[in-house]
Each structure stands twice: as structure tokens, then as C-alpha cells.
Amino acid sequence: MGAVVGTLTMQTKQRRPSRDKTDDELEMTTVCHRPEGLEQMEAQTNFTKQELQILYRGFKNECPSGVVNEETFKHIYAQFFPHGDASMYAHYLFNAFDTMNNGSIKFEDFVMGLSTLLRGTLREKLEWTFHLYDINRDGYINREEMTEIVRAIYDMMGKYTYPALKGDVPQQHVDAFFQKMDKNKDGVVTLEEFIIGCQEDEIMMRSMQLFENVM
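Reading the values: rules and limits
- Residues numbered from 1 in each chain as written.
- Predicted model: local features only at pLDDT ≥ 70, side-chain atom pairs only at ≥ 80, totals over all residues.
- Heavy atoms only, no water.
- Helix = DSSP H or I, 4+ residues; strand = E, 2+ residues; numbered from the N terminus.
- Expected span 1.5 Å × (residues − 1).
- Buried < 20%, exposed > 50% of the residue type's maximum accessible area, 1.4 Å probe, protein only.
- pLDDT = per-residue confidence, 0-100.
- Contact = heavy atoms within 4.5 Å.
- Core = buried A, V, L, I, M, F, W, Y, C linked by side-chain atoms within 4.5 Å.
- Salt bridge = Lys/Arg side-chain N within 4 Å of Asp/Glu carboxyl O.
- Lys, Arg positive; Asp, Glu negative; His and termini not counted.

Novice: Before we move on, can you summarise helix H7 (residues 107-119) with the specific residues and values?
Specialist: The α-helix winds at 3.6 residues per turn, so residues separated by three or four positions along the chain end up facing the same way. Helix length check: H7, at 13 residues, gives a terminal C-alpha distance of 17 Å against a target of 18 Å (1.5 Å per residue), a fit within 8%. Extensive coverage of H7 is indicated by the burial of 11 of its 13 residues. All buried positions along H7 are accounted for by Phe107, Glu108, Asp109, Phe110, Val111, Gly113, Leu114, Ser115, Thr116, Leu117 and Leu118.

Novice: Any details on unusual backbone geometry? Residues and values, ideally.
Specialist: Here the phi dihedral of Asn101 falls at roughly 55 degrees; this positive angle occurs in a residue that is not glycine. Its place among the elements puts Asn101 in the loop between helix H6 (87-97) and strand E2 (104-106). Despite not being glycine, Lys185 has its phi angle at roughly 55 degrees, a positive value. In this structure, Lys185 sits in the loop between helix H10 (169-181) and strand E4 (188-189).

Novice: I'd like to hear about the confidence of the model for the protein, residue by residue, with values.
Specialist: Confidence in the prediction for the protein averages 82 pLDDT; 75% of positions are at 70 or higher. Taken together, the stretch residues 1-19 has pLDDT below 50 and engages in 52 contacts with residues farther than four places along the chain or on a different chain. Counting contacts from residues 22-31, a segment whose pLDDT is below 50, to residues more than four positions away or on other chains yields 22 contacts.

Novice: Break down the nonpolar core for me, with residues and values.
Specialist: Residues Phe110, Met146 and Phe194 are the most contacted members of the largest nonpolar core, which totals 52 residues. The biggest single contributor to this core is H6, with 7 residues.

Novice: Give me the pattern of salt bridges: which residues, what numbers.
Specialist: All told, the structure shown has 9 salt bridges when counted by the stated rule. Here Glu51 ties to Arg119 by a salt bridge, and the two come within 3.0 Å at their closest N and O atoms. Of this pair, Glu51 sits in helix H4 (residues 49-62) while Arg119 is found in helix H7, placing the two residues 68 residues apart along the sequence.

Novice: How would you explain the environment of Ala86 if you had to name every residue and give the values?
Specialist: Checked against the element boundaries, Ala86 lands in the loop between helix H5 (70-78) and H6. With 12 residues separating them in the primary sequence, Ala86 and Lys74 have C-alpha atoms 7.4 Å apart. Filtering out sequence-adjacent residues up to four positions away, Ala86 remains in contact with Tyr77, Ala78, Phe81 and Met156.

Novice: Describe helix H8 (residues 122-133), naming the residues involved and giving the relevant values.
Specialist: An ideal rise of 1.5 Å per residue puts 16 Å on 12 residues; H8 measures up with 17 Å between its terminal C-alpha atoms. Listed in full, the buried residues belonging to H8 are Lys125, Leu126, Trp128, Thr129, Phe130, Leu132 and Tyr133.

Novice: Residues and numbers for the side chain of Glu145, please.
Specialist: Of note, Glu145 is situated in helix H9 (residues 143-157). Although Glu145 is buried, it makes no salt bridge; Arg137 carries the closest opposite charge, 9.0 Å away.

Spelled out as C-alpha cells, the structure:
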């Protein structure tokens with residue numbers, strides 16, 4: 001899950017010379033899609049108005065139209081993994097941010113997801129991650145979905161993957177995941193099973209704590 005947050009926030013934290021509120025509000029009216037007002041987004045997220053301004057500038061710098069499609073999202077994401085193929089993982093990540101399932105991510109979509117990942121409660125973060133892994137959105141994570149996610153992560157990391165990818169390595173990860181998460185051994189992982197399994201995992205809990213200080 002660390003790959004989700006680290007790469008998404010790196011671009012948006014790049015600052016340009018500071019400007020006043022009027023400049024930011026005026027800038028928001030010039031793009032093809034105008035985001036909701038800062039006050040409304042501040043109320044809906046866990047970000048301050050200043051943080052939203054910084055995020056908006058970074059978002060608009062990469063997406064001048066105010067929206068990003070999947071191909072653009074993949075191009076941006078690939079820059080952080082030059083030694084691997086991040087396209088498939090970026091595809092799944094894009095779908096997780098595209099909550100309206102309309103093939104595009106608006107600034108509001110981006111900020112709401114980022115707010116959950118960085119400032120949400122533990123349960124909210126785990127719920128977001130579960131929905132990322134639940135590729136077909138049927139409310140369960142099955143072995144096929146988890147295998148696709150694991151392979152996408154290995155492809156993204158490329159030659160820096162450890163241990164090196166061999167034919168049975170993804171399956172070993174999937175087996176370990178289901179051994180830990182599938183409490184009733186019915187072959188699928190529910191949201192509650194996922195949350196309980198993550199809470200019992202010390203490594204996962206440490207990774208969640210790291211997100212709190214990203215911004």
C-alpha cells in the first residue's frame with residue numbers, strides 16, 4: 001500500500017511561488033473542470049485550505065484540464081518506476097480513485113481518496129485498500145484478484161523486486177495472504193476478515209502509521 005501514497009503525493013507537494021487566495025480561486029475558474037469550492041472540500045476532507053491549494057496546484061500542473069484519464073494517470077505513475085512496468089498496477093489504482101466509474105479522475109476524486117489514505121481512520125484506510133484489491137467490486141477478494149495484484153506489484157518493481165520473480169513466487173504470496181486473512185476458509189476474503197487480518201499484522205500497522213506524516 002505504500003506505493004499508493006508515496007508516488008501520488010510526491011508530485012502534488014512540489015510548490016511554486018506562493019500566491020494569495022484570489023489567485024487560487026481565479027485559477028480554479030480557468031480549467032475545463034472547475035473543482036468544488038475550497039471551503040466545501042475542506043469540510044469534506046481532512047485537509048486544511050492551504051494543503052488543498054498546494055494539492056490543487058500540483059494536480060493542475062500535471063492535468064491542466066482539471067481531469068485525468070487513465071492513460072495520463074499511467075504515464076505519470078510510470079515515471080516513479082522506470083525499471084519496471086507500472087501500467088497494470090496504475091490501472092487498478094486509477095479504478096480505485098475513479099469512484100464514479102466514468103473513466104476519469106477529477107480533483108475532488110483525487111483529494112477524497114488521498115484524504116482517506118493520509119488522514120483517515122485506520123478502518124477507512126483499510127476499507128480503501130480492500131476496494132483497491134476487490135477488482136470486480138463484488139465485495140470479496142478472491143484468489144484470482146489477489147494474484148493479479150501481486151503480479152502487478154512485481155511488474156511495477158521490475159529488477160528491484162526481492163525475492164526475484166519466479167513462476168511460483170506470486171502464488172506463494174497469495175497463499176500466505178489467504179492463510180492469514182481467510183478466517184473461515186471459504187476461498188474469499190470479506191471486508192471484515194481483511195480488517196481483522198490487517199490489525200493482527202504488525203508490519204501492516206506500522207505502514208499505516210507512516211502515512212500520517214506524509215504531508
